[in-house]
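# Inside the fold
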Amino acid sequence: MKKKAFITGIAGQDGSYLAEHLLENNYEVYGIIRRNSITEHQRLRLNHLDNKITIEYGDLLDISSLENKIIKIKPDEIYNLAAQSHVRVSFDIPHFTVMNNAIGALNLFETVKNHSKNSKIYQASSSEMFGRCVDEDGYQREQTRFEPTSPYGCSKVFCFNLTKHYRIAYNLFAVNGILFNHESPRRGSNFVTSKVVKTAVRIKNKLDDKLVLGNLDSSRDWGHSKDYVKAMNLMMNHSKPDDFVVATGETRTVRKLCEYVFKKLDLDMDKYISQSEKFMRPEELKFLCGDSSKIKKELGWKPEYSFESMIDEMIEFWEKNHDKNVIEY
Ligand code: NAP
Ligand code: F7E
């Protein structure tokens, strides 16, 4: 019999790649999307999967919508990827971010505990939870302390703790994937990698003449979403529920990212890049670099993309899509 997977946040970057990965591995895939007033754009990342997956309206904040679906589907695996996932935006809408991410996850855990205790559950935890903390050797790993620097990071620490609590108290197969930044052509274009690539391509094509950014000195460990969704599925098929860091172990500043993209496009970045307060954060997370030895050793996870091959793929994508109203994923 085919395994059944239920994905919250299925129309997002990771949700869409995860749906593809699970279909390739012979799962039945179900997911929820929220009601949106513009229906045409909502499923863009899923259009190519239209007849292969089952999507219904649902919302993490509407527990009845979760109960109805989980009781009906009885999924083997539940991936909780839904969240207000933009850190900078979380300073503008802190109440919504915390309600949505934290109470939303609580609703899902309660639903599983009360109605479907055999469903395994994956929680999309984040390197943003580490915030100010870095181990002495310059890495963050499973044992590193959490000191989040944003409402988003705080909401994710709550969910991380909730996952462990439901695992211990109710014996649920509940896992935390502590994923560092991961990108792709499907990344929202207000995250820095997509913003830089898309704008640089538009500058090259004379459709824009400037790129306005915030902090250029923060460092991130950037991997590819396609590699990271495979890690999620590995964790769910481990012999026991546990928490794993997923990262590349390489870190670069935003400035270095810009240098790579502008050089690739044969543009002089100093002519086009400026900075604005608008894109700065009240508190910046300055440095991320993850040690993913545990998942490599215990689950055999290995990324296929390098930083360069990922950014090259994003450049190619935006070269095809930079002037389109409806993006083709
Ligand atoms: P994303 O592209 O922003 O996707 C998130 C999805 O969640 C969106 O489709 C969004 O729908 C949906 N959603 C938000 N609130 C919801 C609710 N109340 N009910 C149902 N759906 C809801 O994010 P992503 O990059 O794929 O990331 C997936 C998850 O991993 C997120 O939880 C994120 O916080 C976490 N994470 C991401 C990274 C990363 O670098 N990408 C790293 C660590 C952790 P709408 O379009 O309707 O808002
Ligand atoms: O920022 C700097 C910004 O918004 C990266 C989410 O997926 O990863 C992501 O969060 C860096 C920051 O991602 C601009 O200040 C400069 O230092 O692409 P980002 P993020 O905040 O790291 C974590 C792991 C998640 O869990 C989150 O869900 O780039 N930066 N100038 C800028 N960032 C943006 N967005 N826009 C700028 O203009």
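Residues numbered from 1 in each chain as written. Chains lettered and ligands numbered in written order. Predicted model: local features only at pLDDT ≥ 70, side-chain atom pairs only at ≥ 80, totals over all residues. Heavy atoms only, no water.

### A word on the site of ligand 2
In the vicinity of ligand 2 lie 21 residues, with S85, S126, S218, R281 and E284 positioned nearest. Within the side chain of R220, an N or O atom sits 2.8 Å from an oxygen atom of ligand 2. Interatomic distance of 2.5 Å between a side-chain N/O atom of R281 and an oxygen atom of ligand 2. Burial of ligand 2 by the protein amounts to 96% of the accessible area it has alone, namely 700 Å². Its residues assigned to classes, the shell around ligand 2 shows seven nonpolar, nine polar and five charged. Counting residues domain by domain, the shell around ligand 2 receives three or more from each of domain 1 (3-182 + 224-246) and domain 2 (188-220 + 251-287 + 304-321). (Near = heavy atom within 4 Å. Polar contact = N/O pair within 3.5 Å; in protein donor to acceptor, adjacent residues only side chain to side chain. Areas by Shrake-Rupley, 256 points an atom, 1.4 Å probe, with all protein chains shown as cover. Nonpolar A, V, L, I, M, F, W, Y, C, P; charged D, E, K, R; others polar. Domains from an automatic or database assignment.)

### Observations concerning the pairing of strand β4 (residues 77-80)
Across the two faces of β4 the burial is the same, with E77 and Y79 and I78 and N80 all buried. Bridging between β4 and strand β5 (residues 120-126) involves four bridges; their strand directions are parallel. Across the sheet, residue Y79 finds its bridge partner in β5, namely Y122. (Buried < 20%, exposed > 50% of the residue type's maximum accessible area, 1.4 Å probe, protein only. Helix = DSSP H or I, 4+ residues; strand = E, 2+ residues; numbered from the N terminus. Pairing = 2+ DSSP bridges.)

### Points about a nonpolar patch on the surface
On the surface, a cluster of nonpolar side chains totalling about 360 Å² of accessible area is made up of L61, I93, F96, M99 and I103. Mapping I93 onto the fold places it in the loop between α4 (87-92) and α5 (94-115). (Patch = residues over 30% accessible without salt bridge, like charges linked within 9 Å, V, L, I, M, F, W, Y side chains within 5 Å. Salt bridge = Lys/Arg side-chain N within 4 Å of Asp/Glu carboxyl O.)

### Comments concerning the site of ligand 1
Taken together, 23 residues lie around ligand 1, and D14, R34, S85, N100 and Y152 are the ones closest in. Residue L60 places a main-chain N or O atom 3.0 Å away from a nitrogen atom belonging to ligand 1. Between ligand 1 and K156, the relevant distance is 2.9 Å, taken from an oxygen atom to a side-chain nitrogen or oxygen of the residue. Starting from 900 Å² of accessible surface for ligand 1 in isolation, the protein chains cover 85%. Those elements giving two or more residues to the shell around ligand 1 turn out to be α1 (13-24), β5 and α6 (151-170). Considering each element in turn, the shell around ligand 1 owes the most residues, three residues, to β5. By residue class, the composition of the shell around ligand 1 is nine nonpolar, nine polar and five charged.

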